[in-house]
Amino acid sequence: MTDDLGDVRAIRIEDEMRVSYLDYAMSVIVARALPDVRDGLKPVHRRILYTMGEMGLSATSSYRKCAAIVGEVMGKYHPHGDVALYDALVRLAQDFSMRYPLVDGQGNFGSVDGDAAAAMRYTEARLTGIAAEMLADIDKDTVDFEDNYDGTQKQPSVLPAKLPNLLINGSSGIAVGMATNIPPHHLGEIVDATVALIDDPDVTSDDLCQHVRGPDFPTGGTIYRFEQQRNSLTGEHETVDAIRQMYAHGRGRVVMRAQVAFEEAKGDRMAIIVTELPYQVNKAALLEKIADLVKDKRIDGVADLRDESDRDGMRIYIEIKRDFNPHKVLNNLFKHTPMQLAFNMNMLALVDGQPQTLPLKSVLQHYVDHRREIVRRRTEFDLAKARARAHILEGLKIALDNLDAVIQTIRASADVEIARASLMSGFDLSELQAQAILDMRLARLAALERKKIEDEYLQVIQLIAELEDILANPARVLAIIKDELAELKRRYAGDRRTRVADDSSREMTDEDLIADEDVVITISGRGYVKRQPVATYRRQHRGGRGIIGHVTREEDAVDSLLVANTHDWALFFTNRGRVFSAKVHMIPDASRQAKGIPIINLPGVQVEAGELPMATIVLPDFEPGHYLVLATRRGIVKKTPLEQFDRVRSTGIIAITIDQGDELAWVDVSTGDDDIIIATALGKMARFNERDVRPMGRPAGGVIGIRLANRDDYVVGMSVVDPEADLLVLTETGYGKRVKLSEFRTMGRGSQGVRLIALEGRKTGLVAAVQQVTDHDEELLLISAGGQVIRTQTNTINRYSAHARGVIVMRLAEGDRVVGIAAFRPGLAERNGIGDNGAPDAGPGADGGPEAG
C-alpha cells in the first residue's frame, strides 16, 4: 500500500456489515426507541422536558411558541429533524394519548379523529403541574449529567422522576429486533402497589394485582380480565386471568372494548351509542370502516350512522333497523371493527443501558431503587449546603462575640487581603468565614439582627442532625418515598377511566360495596325500568292520591311494580317466553320523576326488537327444591324446578312455549305443595293445589289453570298463596277489599272459578290486580298506569265477603287506572320511623268515601 492512502486495511464485507449494523442497532435501542426504566422517558422526551424547565415554562408561567421550544431543544441537545421533535412534543400534550399529560398545550394539538396538530409556529406550550414532579430536585445534584452532542452543554442522563412515569403514562417504540409496548395505568393504583412493595419486599405479583386492577387508558373503554386460551399440552381451551399473567411475565395481551349503551330511537328502533373507544383507535377511521362494512353487507341491520361528538364528549350514533337484534349487530361491530382490540403488552425498558423485559414487580423495584438514590443524593446535597451555612454562621457568631476586636483589626488593615488574613490568623477563622465577615453589612450589628443569626444557627444545626439521621437510617428514606407518593396520589390521581370486566378474582367484588336495602322496581309497558328506595314513599291511609313514582312517555304506561333487596336476582320474563336475569343493584337508581332506562341497557339482558318484559320476579337465590310457577293471559299454567334458571345466558333462555295470541304475564315461587290462585279481569278466581300441575322442563308449554268462560275475559293475577292469608283485590278505578282466602274452596285445575268481587261497570271497572297479604306489619305499594304511587298499611283496608265491591283504596286522576300492587315488610329502621324523610304518616286521604256494596 502507498502512503498516500493512509491507514487502509483489508476486511471482509460481512464483518464490516455486522459491526456497523450492531452499532446502529444499539444506538437506536439506547438513544432513541426504548424508555429508561427509572423515569419512563425516551431521550427525546427527556430533553424536551428538561429544556422547557430551563426555559422557565412551569405550569404557572405564560405559554411559549412551540417553534421556540423545538428550536431550543434541537440546538442544544437533540440534533435531529424538527418534525420528529415537534411530533414528540405534541404527543406529550395529547390527553387521548397520555394518561397524565406532561405538556400543557394551547392551540390545535390534534384529535382522536387522527387530525394532525397545527404547525409549530401557531401552537404554544408549557409544562403541566405533574411534569414539574418529574424535574423536581434536578438542581440538587440528584442525577448525573453528560455532554450533549457537541460537548458545549450538559444534559441529564435521567430525570429525578417523583412519578412512576413508565407505568402511569406507558410507552411504545420500535427498535431494531425488538419493540416495547407498555400501557398507561392509574396513578393511585401504581402508588398503592409501590407502597405495598416498600412495606413487603417479598410481595408477589398476585399480591400487587390486588392494587393494580389493569391498564387505565386515557380514552376509557372496558378491558376484560379473563379470556379463553388454548393449553399447549392438552389442546383444550381454558379460562385464564390474562391481566395477572401479563404482570407476572412482563408480556401478554388484554382485550379492550368500546363503551356502549342502547337508546330508543324513533319508530320503535334501537340505537347503539358509543361514548368511549379503545386506546389509540382513530374515530374517523372507525366510522369509515363501519360504513364500508355496511355497504359491503358484511354487517347487516345498520340503518343510520353519524358522529354526534361535541365539546361535551364522544358520541357515535348507530341506529339499528327495526327487525334486527341490536346485540347481534353490536357483536358484529366488535368482531369486524376496532371497537374491540387486543393490547399486546411488552414491558421492555432499559436497565443500566441494557434492554430487559420486566414483570410488574421488577419495574416497581427499579423505580423504588431510583427514588432511594435520588432521596439519598438530595439529602447529601442539602446536608452539604446546611453544613456550609453553619460554618458561615459560626464565623459570624465569633465576629459578633468579638465585635470591637474584629472592627479594630479591619480598620488597622491596609487592604481587603490583609484584613482577611488578619481575621483568619487572629480569630482562627477559615477563608470563607473571614470573607463572610468582611461582606457583612453594618445593619447586621444591631441587637435584633444578632438574635436572628443565633436563631438561624440553631435551626441549621437541627436540620443537619435531621439530614444525618435520614442518611443513617434507610427506613426513613423509604418513609420519605412513601410520603411523596401519597401526596402525588392525593393531588393528581383522579378517577379510574377504564372499566375492568369479569374481575371475579378480587377478594372484594363491586357487589360487596352495594348497600343492603329495600327498593321499589317499576317497569313500564315499553320496557323502561328503574329502582328507588322504599323510603321514597311515605305512608298514607287508604283513599289517598299518593305521589308521582314514575314519569312515563307518550303511549307508555307503568306495567308492574315490585319490592326487592338490592342483592336479589331479578328474572325478567318476556312476551316471547324467554327469561333474562340481572342483579337488582344493576338497575339504575332514579328519581321519582325519571322514566328509567330501556331494559336492554341492563347487563345480561339482550332482548330482541319488539321483545318486552311481561313478568318479573325477584329472588334471593336459586334454592333447590323450589319451583317457578308461570301463568299466561289465557289461563295456562306451568311449573319448572327453580334451579333450571340459576344460569341464564345474556341472550336469554326459553322459559315457556307460548301459543299464538297468548303471552306470559305472571311468575311466582312455590315449594311443590302450595295452593295457587288465578284471578281474571271479570272478577272470577280459581284455587287449586299445585300438585295438579306436574313439573315440566323449560321448553314445555304448560296446562290449563283456569277456563275463561267469556271471550273478553283474561287473567289479571296469579299467586302462590298461604291458606291462612288474605287476598287484596283492586279494580281499575281504585276500589278494593281484603277477603279471606278460606272463603274460596280448593277445586281441581281447569275450572271456570268462582266470584271474587262484585263489579259495577264503569264505576269499578275490571279487576286490575290481586295480591296475597297478611296483617303482620305488612305494607302495600299501589301504582297506576300514569305513575302515581301510594304506600299504605295492609290493616287500613277492611275485610269483606266475596260478593262485596269494597272501598276506595286509591283515588285516581281522570283517565288513570290501577295497574299493580306490591306487598312488603319494611326494615327495622323504617318501622322505627326512620326512612319517611322525617314526615309522620299521612292523614286520611278520603276515608269518608263509599264503603262496601
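What you see is a predicted model, and the numbers here were worked out from it, not measured in a lab.

A. Looking closely at the sheet that holds strand β32 (residues 675–680). A sheet is described by the order of its strands in space; here four strands give the open sequence β35-β32-β33-β38, paired in antiparallel fashion. The sheet terminates laterally at β35 (715–721) and β38 (754–755), the two strands that pair on one side only. Relative to strand β33 (residues 684–689), β32 runs antiparallel, the two sharing five bridges. If you follow Ala679 over to β33, its bridge partner there is Met685.

B. Layout of the pairing of strand β15 (residues 316–320). Summarising burial for β15: five of the five residues are buried, a large majority. Across the two faces of β15 the burial is the same, with Ile316, Ile318 and Ile320 and Tyr317 and Glu319 all buried. Pairing of strand β13 (residues 269–276) with β15 involves four bridges; the strand directions are antiparallel. When the sheet's bridge partners are listed, Val274 is paired in β15 with Ile316. Pairing geometry for strand β14 (residues 302–307) and β15, over five bridges, is antiparallel. Across the sheet, the residue bridging to Asp304 is Glu319, located in β15.

C. Up close: the side chain of Thr498. Inspection of the secondary structure assignment puts Thr498 in the loop between α17 (474–492) and β19 (499–501). Beyond its immediate chain neighbours, meaning those up to four positions away, Thr498 contacts Pro215, Asp216, Phe217, Gly220, Gly221, Thr222 and Ile223.

D. Expanded view of the environment of Phe622. The residue Phe622 is located in the loop between β27 (613–619) and β28 (627–632) in this model. With relative accessibility at 14%, the residue Phe622 sits in the buried group.

E. Quick peek at the packing of aromatic side chains. Here the structure, examined in full by the defined rule, presents seven aromatic pairs. Pairing Tyr50 with Phe145 gives two aromatic rings, centres 5.9 Å apart and planes at 65°, and the pair type is edge-to-face. Placement of Tyr50 in helix α2 (residues 43–54) and of Phe145 in strand β4 (residues 145–147) is noted, with a sequence separation of 95 residues between them. Overall, Tyr50 belongs to the buried group, its relative accessible area being 12%. Phe145 gets classed as partly exposed once you look at its relative accessible area, which sits at 35%. Relative to Tyr279, the ring of Phe217 has its centre 5.1 Å away and its plane inclined at 25°; by these criteria the two rings are stacked.

F. Region of the structure containing the side chain of Ser171. When you line up the elements, Ser171 lands in strand β6 (residues 171–174). For Ser171, a relative accessible area of 9% puts it in the buried group. When neighbours within four sequence positions are excluded, Ser171 is seen to be in contact with Pro35, Lys42, Leu166, Thr180, Asn181 and Ile182.

G. The arrangement of the confidence of the model for the protein chain in detail. Taken residue by residue, the protein chain gives an average pLDDT of 85. The fraction at 70 or more is 89%. Here helix α18 (residues 828–831) is the element of the protein chain with the lowest mean pLDDT, 40, and strand β3 (residues 124–127) is the one with the highest, 97. Here residues 503–510 is modelled with pLDDT under 50, and outside its nearest four sequence neighbours on either side it reaches 13 contacts, counting other chains as well. Residue range residues 828–853 is modelled with pLDDT below 50. Its contacts to residues more than four positions away, or to other chains, number 56 contacts.

H. Seen up close, the packing of helix α7 (residues 187–199) against α17. Axis separation between α7 and α17 bottoms out at 9 Å; the angle between their running directions is 165°. For the element pair α7 / α17, the angle class is roughly antiparallel. You can see that α7 and α17 cross each other, and the crossing is left-handed. Two secondary-structure elements touch here, α7 through Leu187, Gly188, Val191, Asp192, Thr194, Val195, Ile198 and Asp199 and α17 through Leu478, Ile481, Lys482, Leu485, Ala486, Leu488, Lys489 and Tyr492. Across the contact of α7 with α17, the residue classes tally to ten nonpolar, two polar and four charged.

I. The environment of Tyr21, seen in detail. Take Tyr21: it is sitting in helix α1 (residues 13–33). For Tyr21, a relative accessible area of 48% corresponds to the partly exposed category. Sequence separation between Tyr21 and Val176 is 155 residues, and the spatial gap between their C-alpha atoms is 9.6 Å.

J. Quick look at the nonpolar core. Core analysis: the biggest nonpolar cluster contains 103 residues, and Ile48, Met52, Leu89, Leu102 and Tyr247 have the highest contact counts within it. Element by element, the count of residues in this core is highest for helix α12 (residues 360–401), at 15 residues. Sequence-distant contacts of Met52, that is, excluding residues within four places in its chain, are made with Leu57, Ile69, Leu89, Val103, Ala125, Arg126 and Leu127. With 40 residues, the next largest nonpolar core counts Leu277, Ile521, Leu602 and Val605 among its residues.

K. The sheet that holds strand β36 (residues 726–731), seen in detail. Judged by pairing direction, the sheet is antiparallel, and its four strands sit side by side in the order β39-β36-β37-β42 without closing on themselves. Of all strands in the sheet, those with a lone pairing partner are β39 (767–773) and β42 (807–808), marking the two edges. Where β36 and β39 come together, six bridges link them in antiparallel fashion. Residue Val729 lies in a different strand from β39, and its bridge partner there is Val770.

L. Molecular detail of the pairing of β28. Here β28 lies mainly inside the structure; six of its six residues are buried. Of the two faces of β28, the one carrying Tyr627, Val629 and Ala631 and the one carrying Leu628, Leu630 and Thr632 are both buried. As paired elements, β28 and strand β29 (residues 636–641) share five bridges and run antiparallel to each other. Each bridged residue has a counterpart across the sheet, and for Leu630 the counterpart in β29 is Lys638. Counting the residues that bridge the hairpin from β28 to β29 gives three residues, and of these Gly635 lies at a positive phi of roughly 90°. The sheet contact formed by β28 and strand β31 (residues 664–670) spans six bridges and is antiparallel. Along β31, the bridge assignment pairs Val629 with Asp668.

M. Focus on helix α10 (residues 283–295). In this model α10 runs 18 Å from its N-terminal to its C-terminal C-alpha over 13 residues, within 8% of the 18 Å that 1.5 Å per residue would give. Every buried residue of α10 is listed here: Lys283, Leu286, Leu287, Ile290 and Leu293. When α10 is viewed along its axis, its buried side chains cluster within an angular range of 125° and face the same direction. Facing away from the buried surface of α10 by more than 90 degrees, the exposed residues are Glu288 and Lys295. Along its buried surface, α10 packs onto β14, β15 and α11 (326–336). The opening residue of α10 is Asn282, an N-cap whose side-chain oxygen sits 3.0 Å from the backbone nitrogen of Ala284. In the stretch just after α10, Lys297 is the one whose phi turns positive, near 60°.

Quick notes on the rules
- Residues numbered from 1 in each chain as written.
- Predicted model: local features only at pLDDT ≥ 70, side-chain atom pairs only at ≥ 80, totals over all residues.
- Heavy atoms only, no water.
- Pairing = 2+ DSSP bridges.
- Helix = DSSP H or I, 4+ residues; strand = E, 2+ residues; numbered from the N terminus.
- Buried < 20%, exposed > 50% of the residue type's maximum accessible area, 1.4 Å probe, protein only.
- Contact = heavy atoms within 4.5 Å.
- Phe/Tyr/Trp six-rings, centres within 6.5 Å; stacked < 30°, edge-to-face > 60°.
- pLDDT = per-residue confidence, 0-100.
- Axes fitted to C-alpha atoms, helices over the stretch in contact; angles between N-to-C directions.
- Parallel < 35°, antiparallel > 145°, perpendicular 65-115°, else oblique.
- Left-handed = near helix turned anticlockwise from the far one by under 90°.
- Nonpolar A, V, L, I, M, F, W, Y, C, P; charged D, E, K, R; others polar.
- Core = buried A, V, L, I, M, F, W, Y, C linked by side-chain atoms within 4.5 Å.
- Expected span 1.5 Å × (residues − 1).
- Arc of directions from axis to C-beta.
- Polar contact = N/O pair within 3.5 Å; in protein donor to acceptor, adjacent residues only side chain to side chain.

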